[in-house]
Amino acid sequence: MQTSYVLMEVAPGKVREAVALLGSNPRIKKATAVAGAYDIVVEVDAPNHNSLSQIITEDIHEIEGLVKTTTLIAFDLE
């Protein structure tokens, strides 16, 4: 499984709704509201990059009020 974090900036007043919608999505591991440059951090576990791109484009990019995303792909240092 490949873990990634998607940092989301959303329009004012849309954070609560976006977190609830993302949190109810079975393809999203966790969605958390945060303070700072971004509004939401989404944790995604995907079996490969193709699956990750589908989750981002089909689930995350469809959120109403989305302004921008930045995706961070985690890796193990061994």
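Residue numbers here run from 1 along each chain, matching the order of that chain's written sequence. Two thresholds apply to this predicted model, a pLDDT of at least 70 for residue-level local features and 80 or more for giving and counting side-chain atom pairs, whereas whole-chain, interface and lining totals are computed over all residues. The basis for every side-chain value is the complete set of heavy atoms in the structure, and neither hydrogens nor water enter the calculation.

Right, let's get into the sheet that holds strand S3 (residues 40-46). What the four strands build is an open sheet, ordered S2-S3-S1-S4; its pairing is antiparallel. Strands at the two margins of the open sheet, each flanked by one partner only, are strand S2 (30-33) and strand S4 (66-73). Sheet twist, expressed as the mean angle between neighbouring strand axes with direction ignored, is 20 degrees. At least two DSSP bridges between two strands are needed for those strands to be called paired. Numbered from the N terminus, helices here are DSSP runs of H or I no shorter than four residues, and strands are runs of E no shorter than two. Bridging between strand S1 (residues 2-10) and S4 involves seven bridges; their strand directions are antiparallel. Angular values range over 0 to 180 degrees, each being the angle between N-to-C directions of two axes fitted as lines to C-alpha atoms, with helices fitted over their stretch in contact.

All right, on to the pairing of S3 then. When accessible area is computed with a 1.4 Å probe and restricted to protein chains, residues below 20% of their type maximum are described as buried, those above 50% as exposed, and intermediate ones as partly exposed. In terms of burial, S3 is a largely internal element, five of the seven residues being buried. For S1 and S3, the ladder comprises seven bridges, and the chain directions are antiparallel. Counted as the bridge partner of Thr-3 is Asp-45 from S3. One ladder, built from four bridges, connects S2 with S3; its direction is antiparallel. Pairing of Lys-30 across the sheet is with Glu-43, part of S3. The turn joining S2 and S3, which pair antiparallel and follow one another in sequence, is formed by six residues; a positive phi near 130 degrees is taken by Gly-36.

Below, the discussion takes up the nonpolar core. General note: in soluble globular proteins, nonpolar side chains tend to be found buried as a group. Ranked by internal contacts, the top residues of the largest apolar core, which has 16 residues, are Met-8, Leu-22, Ile-28, Ile-40, Val-42, Val-44 and Ile-60. Between two residues, a contact is recorded if the distance between any of their heavy atoms is within 4.5 Å. Excluding its chain neighbours within four sequence positions, the residues that come into contact with Val-42 are Ser-4, Tyr-5, Val-6, Met-8, Leu-22, Ile-28, Lys-30, Ala-31 and Ile-60. Grouping buried Ala, Val, Leu, Ile, Met, Phe, Trp, Tyr and Cys residues that are joined through side-chain atoms within 4.5 Å yields what is termed a nonpolar core.

All right, on to the pattern of salt bridges then. A carboxyl oxygen of Asp or Glu within 4 Å of a side-chain nitrogen of Lys or Arg is what we treat as a salt bridge. Summed over all chains, the structure comprises six salt bridges. Among the ionic pairs, Lys-29 bridges to Asp-45, the shortest N-O distance being 3.3 Å. A residue pair is termed long-range when its members are at least 10 positions apart, and Lys-29 in the loop between helix H1 (15-23) and S2 and Asp-45 in strand S3 qualify at 16 residues. We classify Lys-29 as exposed; its relative accessible area is 53%. In this structure Asp-45 comes out as partly exposed when scored by relative accessible area, which is 24%. Here the salt bridges share partners, and the residues they tie into one network are Lys-14, Glu-17 and Glu-64.

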